[in-house]
Amino acid sequence: MNDMKKLIVANWKMHYGPVKAGGWIRAFRRERLPKELDVAVAVPFVSLAAVRASLGRASIPALAAQDAFWAESGAYTGEIAPSMLAEFGVSACLVGHSERRLHLGETDEMIGKKAVALQKAGISPVICVGETEMQRKRGQANRTVRTQLQAALKGLKGDGRAPVVIAYEPVWAIGSGRPCSPLDAKQMHDVIRPVLTKAFGATSEAIRIIYGGSVDVRNIGEYMTTTGIDGALVGGASLDPRDFGLLCRAAVPS
Ligand code: 13P
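Residues numbered from 1 in each chain as written. Predicted model: local features only at pLDDT ≥ 70, side-chain atom pairs only at ≥ 80, totals over all residues. Heavy atoms only, no water.

**Q** Got a sec to walk through the nonpolar core? Specific residues and values, please.
**A** Core analysis: the largest hydrophobic core is formed by 62 residues, its most contacted members being Ile8, Ile127, Leu153, Ile166, Ile192, Tyr211 and Phe244. The element contributing the most residues to this core is helix α8 (residues 182-200), with seven residues. Ranked by size, the runner-up nonpolar core spans 14 residues in total, among them Ala40, Ala42, Val126 and Cys128. (Core = buried A, V, L, I, M, F, W, Y, C linked by side-chain atoms within 4.5 Å. Buried < 20%, exposed > 50% of the residue type's maximum accessible area, 1.4 Å probe, protein only. Helix = DSSP H or I, 4+ residues; strand = E, 2+ residues; numbered from the N terminus.)

**Q** Can you lay out the environment of Lys186 for me, pointing to particular residues and giving the numbers?
**A** Within the fold, Lys186 resides in helix α8. The exposure class of Lys186 is partly exposed, given its relative accessible area of 24%. With 179 residues separating them in the primary sequence, Lys186 and Leu7 have C-alpha atoms 16 Å apart. Apart from the residues lying within four places of it in its own chain, the contact partners of Lys186 are Thr226, Thr227 and Ile229. (Contact = heavy atoms within 4.5 Å.)

**Q** Describe the site of the ligand, naming the residues involved and giving the relevant values.
**A** Taken together, 13 residues surround the ligand, and among them His97, Glu169, Gly175, Ser214 and Gly236 come closest. Between the ligand and Asn11, the relevant distance is 3.0 Å, taken from an oxygen atom to a side-chain nitrogen or oxygen of the residue. The separation between an oxygen atom of the ligand and a polar side-chain atom of His97 is 2.8 Å. Look at the ligand: alone it shows 300 Å² of surface, and the protein chains cover 95% of it. Along the lines of polarity and charge, the residues of the shell around the ligand split into four nonpolar, seven polar and two charged. (Near = heavy atom within 4 Å. Polar contact = N/O pair within 3.5 Å; in protein donor to acceptor, adjacent residues only side chain to side chain. Areas by Shrake-Rupley, 256 points an atom, 1.4 Å probe, with all protein chains shown as cover. Nonpolar A, V, L, I, M, F, W, Y, C, P; charged D, E, K, R; others polar.)

**Q** Account for the pairing of strand β1 (residues 6-11), with residues named and values stated.
**A** In terms of burial, β1 is a largely internal element, five of the six residues being buried. Here β1 runs beside strand β8 (residues 231-234); their pairing, made up of four bridges, is parallel. Bridge pairing links Val9 to Leu233 in β8. (Pairing = 2+ DSSP bridges.)

What follows is the structure, encoded as structure tokens:
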């Protein structure tokens, strides 16, 4: 993935087994995509092989996973090591999505360990951070995101072959149809940026900070034209390949 381009990541969440996943890729390959855009699709583990097969020689969208474990191998029943994902040609992986924090009890420490393991395997960790509605109401949004981020960045490199991506996804905006305004998202990205600079120095400039939460074809343009927002993480609006193609085209002014 090119650091200078905007990045759109589709997150299918728990949708599409191998059969439907293959169909999605074949349909999406017919979409015309702007050259100025990096596009990745984060799919369930069991669909990685079908997606890879349907992609053939195509390198777009880049193949991404939705989670990985921190150990290289061992007695961790049900888990998947980053090196296994690398064998599939996975180039990016979500880590710390709020749905995993909520339903599976993932902690900042676990997320940090996963991010380090991914980067070691040559996979870009897409680190998800974001406050709940209650935390925002109480004026704790900035502190929450800073704390999540600092924990996740421990041990990571700011540059190298697997650059970190930060996804700001306020929990209250996810799947709610109530997106965070581009201005509010920008304000949080402006909180995140100095944390990256402190952690990585000048190399942090190449790290993309993308926004996620009820992004769709109608609002993507506004986010992409807002300074400080380097892309989007898209859930529901990525499930239809043609609609997602439209969204990608709407992300780049023609
Ligand atoms: P929605 O786009 O469905 O709100 O989901 C956002 C998200 O959680 C992407 O990771």
